[in-house]
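Structural description and commentary
Listed here are the chains, written in short residue letters.
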Amino acid sequence: MATSSETLTPVAAVAVEPEEHEPRFALSTPSAAVYDDYGKAPPSHPGEGWTRFVCISDTHSRVYPVPPGDVLIHAGDLSSWGSFAQLEVTVKWLMELPHPTKVVIAGNHDVHWVPRRFPDVEKACNLMASKAARDAGIHYLEYESMEIPTESGKRWKVYGSPAAPRYVPGSFQYKTPQEAEEIYNKVPADTEILMTHTPPHLTLDKARRGVRAGCPQLTEALAELKDCRLHVFGHIHEAHGAEVQEDPAGHTAGRVSVNAALPWGGQAVVVDLKDFA
């Protein structure tokens, strides 16, 4: 269901007077800034030559205040338990948000999307691919790539996967390391913005009682993605936040990792990336 968006139109950073302050995390190079604790509003949009990504996940049919930006990323669990009515709440909310481009993946809670098991799957897929969704800038990715063009001439290469290790009954889950390897080996090597529902192992993946719930095979795959500058995921609610790694896998611009899960606290994470680092 992947489609290319229209060229991004610069948008105001916030609808209210911005609060100017330092980003909580920042790379040592001037190619990225990350804000995950910004009070009423994040700082002003950095301007021409930058793309502002607003990252959310695990909204589970709830509606949240989200700051404007160039690209909204939703990393899965759009619904509580996968009913069409629950999905519809989320999609209508996403349609109303001002971001010109909205890239969305599913998660393990979106259970009615498993083909031939639930009657709502066709309705759900039709809704995500509908003209109304496209007109609102929504692009649903399911093991797919797309490109997001900007006015500076940059075309961000995005890949989205809804998969996660099996924990409880749900959708888009894998049971073995071999299944995981097969899934993540399909991620194109030139991916710059990676969306997965699961975290990688040892990155913003600490669940209750200190268990590391991320995927080791995803960690291995990320080591090979030298062009990946932003990785957005969710799933482990209590690990919400952001980390930055300078020069991972030999990539000089660095990588931002975001656990964007929302329901148990926290704000949307705002990531500004320079179009050409």
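Quick look at the structure, then. Remember, predicted model here, so these are calculated numbers, not experimental data.

Focus: the overall build of the chain
Regarding its fold elements, the chain presents 5 helices and 15 strands. Relative to its full complement of 277 residues, the chain shows a buried share of 56%. In the chain, the proportion of contacts linking residues at least 24 apart, taken out of those at least 6 apart, comes to 69%. Here the chain displays about 12,100 Å² of accessible surface, and carbon together with sulfur accounts for 52% of that area.

A look at the packing of helix α4 (residues 177–184) against helix α5 (residues 216–223)
How two helices sit against one another is set out by the angle between their axes and by the gap between those axes. At their nearest, the axes of α4 and α5 sit 9 Å apart, and the two run at 30° to each other. Considered as vectors, α4 and α5 are oriented roughly parallel to each other. For the element pair α4 and α5, the recorded crossing hand is right-handed. Here α4 contributes P177, A180, E181 and Y184 to the contact with α5, which in turn contributes Q217, L218 and A221. When its residues are assigned to classes, the contact of α4 with α5 shows 5 nonpolar, 1 polar and 1 charged.

Quick word on the packing of aromatic side chains
Overall, the coordinates contain 2 aromatic pairs when judged by the stated rule. Between F53 and W156, the aromatic rings sit 5.6 Å apart at their centres with planes inclined by 80°, giving edge-to-face as the arrangement. Pair noted here: F53 is in strand β3 (residues 50–56) and W156 is in strand β8 (residues 155–161), with a separation of 103 residues, a long-range link. Residue W156 is classed as buried on the basis of its relative accessible area of 0%. Here the aromatic rings of Y174 and Y184 are separated by 6.0 Å at their centres, their planes lie at 85°, and the arrangement is edge-to-face. Here the residue Y174 occupies a position in strand β10 (residues 173–174), and Y184 occupies one in helix α4, the gap between them amounting to 10 residues. Side by side, Y174 and Y184 carry an identical accessibility label, which is buried. It is K123 that lies over the ring of F84; its NZ or CZ is 4.4 Å from the centre. A cation sits over an aromatic face here: K154 above W156, 4.8 Å from the ring centre.

Re unusual backbone geometry
A positive phi angle, close to 55°, is found at F172, a residue other than glycine. Assignment of secondary structure puts F172 in the loop between β9 (164–165) and β10. You can call F172 buried: its relative accessible area is 14%.

Focus: the sheet that holds strand β12 (residues 230–233)
Strand order in the open sheet formed by 6 strands is β7-β8-β11-β12-β14-β13, with mixed pairing between adjacent strands. For this open sheet the edge positions go to β7 (144–149) and β13 (241–245), each flanked by a neighbour on one side alone. Here the strands of the sheet are splayed against their neighbours by 15° on average, with no regard to which way each runs. Sheet topology note: the strand β11 (residues 193–196)/β12 ladder contains 3 bridges and is parallel. The partner of L194 across the bridge, within β12, is H231. Across the sheet, α5 lies against β11, β12 and β14 (255–259), angled at about 175° from β11, the strand it touches most.

Things to note about the pairing of strand β5 (residues 101–105)
Burial runs high along β5: 5 of the 5 residues are buried. Burial of the side chains of β5 extends over both faces: T101, V103 and I105 are buried on one face and K102 and V104 on the other. The pairing of strand β4 (residues 71–75) with β5 spans 5 bridges and is parallel. In the sheet register, A75 faces β5, and the bridge partner there is I105. Crossover handedness for the path β4 to helix α1 (residues 84–96) to β5: right-handed. Inspection of the sheet shows β5 paired to strand β6 (residues 138–140) by 3 bridges, in the parallel sense. Paired with V103 across the two strands is H139, which belongs to β6.

Scoring rules and cut-offs
- Residues numbered from 1 in each chain as written.
- Predicted model: local features only at pLDDT ≥ 70, side-chain atom pairs only at ≥ 80, totals over all residues.
- Heavy atoms only, no water.
- Helix = DSSP H or I, 4+ residues; strand = E, 2+ residues; numbered from the N terminus.
- Buried < 20%, exposed > 50% of the residue type's maximum accessible area, 1.4 Å probe, protein only.
- Contact = heavy atoms within 4.5 Å.
- Areas by Shrake-Rupley, 256 points an atom, 1.4 Å probe, with all protein chains shown as cover.
- Axes fitted to C-alpha atoms, helices over the stretch in contact; angles between N-to-C directions.
- Parallel < 35°, antiparallel > 145°, perpendicular 65-115°, else oblique.
- Left-handed = near helix turned anticlockwise from the far one by under 90°.
- Nonpolar A, V, L, I, M, F, W, Y, C, P; charged D, E, K, R; others polar.
- Phe/Tyr/Trp six-rings, centres within 6.5 Å; stacked < 30°, edge-to-face > 60°.
- Lys NZ or Arg CZ within 6 Å of the ring centre and 35° of its normal.
- Pairing = 2+ DSSP bridges.
- Right-handed = clockwise from strand over helix to strand, strands pointing away.

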